[in-house]
Amino acid sequence: IEERFATFLKVDNGIIVAICTPLMKRVHRHIQQSSEVVFIKSSGNMDRHNYRVFLILTHSVVGGLPLGVIFAPNEQTKTLIEGLKLYNSLLDSSCFYGRGLNGPQIFMTDDSTSERSSLAVVYPKASLLLCIFHVLQAFWRYLWSSENGVMKDNRQNLVFVLKKMVYATTE
């Protein structure tokens, strides 16, 4: 049987493409972190058709290692579910360091409802966490919103306190 590294699906408003190269498959099989924490990072407006690029990465001592890429015409939940299912069609039971299509224990995401909803459907056994940047960004917005009544002089100190909590080295 010939192994596939890329596949596509025509949808109403374009094409979804999923890629998992031989290098990416080796990371899946041999890097334990791929069973633990996986990051989904999306970027948009990459071309004249405004396609979204979803990078699937795990962490390591040398930085992020690639696990896959999905190109999609939009970031709607139904499109992302199809993209993730297409991506799964390239994987086998050795992916995610032997967890198979259950996926990793944790997905770390941006603050995107459609992204998080899609992951919950395709990988229901995985926990979904927001990355620290987005937690801090949401807190900053909360502090600066006049309807929350946080005094201007207290905002910087409150951000410092939250940063100490999220970067704590002990429980």
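Residues numbered from 1 in each chain as written. Predicted model: local features only at pLDDT ≥ 70, side-chain atom pairs only at ≥ 80, totals over all residues. Heavy atoms only, no water.

Caption draft 1: Spatial organisation of a nonpolar patch on the surface. Judged by side-chain polarity, Phe 160, Val 161 and Met 165 come together as a nonpolar surface patch covering roughly 310 Å² of accessible area. For Val 161, a relative accessible area of 38% puts it in the partly exposed group. (Patch = residues over 30% accessible without salt bridge, like charges linked within 9 Å, V, L, I, M, F, W, Y side chains within 5 Å. Areas by Shrake-Rupley, 256 points an atom, 1.4 Å probe, with all protein chains shown as cover. Salt bridge = Lys/Arg side-chain N within 4 Å of Asp/Glu carboxyl O. Buried < 20%, exposed > 50% of the residue type's maximum accessible area, 1.4 Å probe, protein only.)

Caption draft 2: Representation of the pairing of strand β7 (residues 127-130). Relative to β7, strand β6 (residues 106-109) is paired through four bridges, and the arrangement is parallel. The residue bridging Ile 106 from the neighbouring strand is Ser 127, located in β7. You can see the chain leave β6, run along helix α4 (residues 113-122) and come back into β7, and the turn it takes is right-handed. (Pairing = 2+ DSSP bridges. Helix = DSSP H or I, 4+ residues; strand = E, 2+ residues; numbered from the N terminus. Right-handed = clockwise from strand over helix to strand, strands pointing away.)

Caption draft 3: Region of the structure containing helix α5 (residues 132-144). Here α5 is 13 residues long and its end C-alpha atoms lie 18 Å apart, about the 18 Å a rise of 1.5 Å per residue gives. Among the residues making up α5, those that are buried are His 134, Leu 136 and Leu 143. Buried residues belonging to α5 abut β6 and α6 (152-166). (Expected span 1.5 Å × (residues − 1). Contact = heavy atoms within 4.5 Å.)

Caption draft 4: How the structure looks around the nonpolar core. The biggest cluster of nonpolar side chains holds 29 residues, and the ones touching the most others in it are Ile 56, Leu 67, Ile 70, Tyr 87, Phe 96, Phe 107 and Tyr 123. Mapped by element, the contributors of at least two residues to this core are β2 (14-19), α1 (22-30), β3 (37-43), β4 (52-58), β5 (65-72), α2 (77-88), α3 (95-98) and α4. In this view, Tyr 87 contacts Ala 18, Ile 19, Cys 20, His 28, Ile 56, Leu 67, Gly 68, Ile 70, Phe 96 and Tyr 123; residues no more than four positions away in its chain are not counted. (Core = buried A, V, L, I, M, F, W, Y, C linked by side-chain atoms within 4.5 Å.)

Caption draft 5: Here's a closer look at the pairing of β5. Among the eight residues in β5, six count as buried, and that is most of the element. Where β2 meets β5, three bridges bridge the pair, whose relative direction is antiparallel. Of the residues in β5, the one forming a bridge with Ile 19 is Val 69. In the sheet, β4 pairs with β5 via seven bridges, with the strands oriented antiparallel. Looking across to β5, one finds that Leu 55 is bridged to Val 69. Where β4 folds back onto β5 in an antiparallel hairpin, the turn is made up of six residues, including Gly 63, whose phi is positive at roughly 115°.

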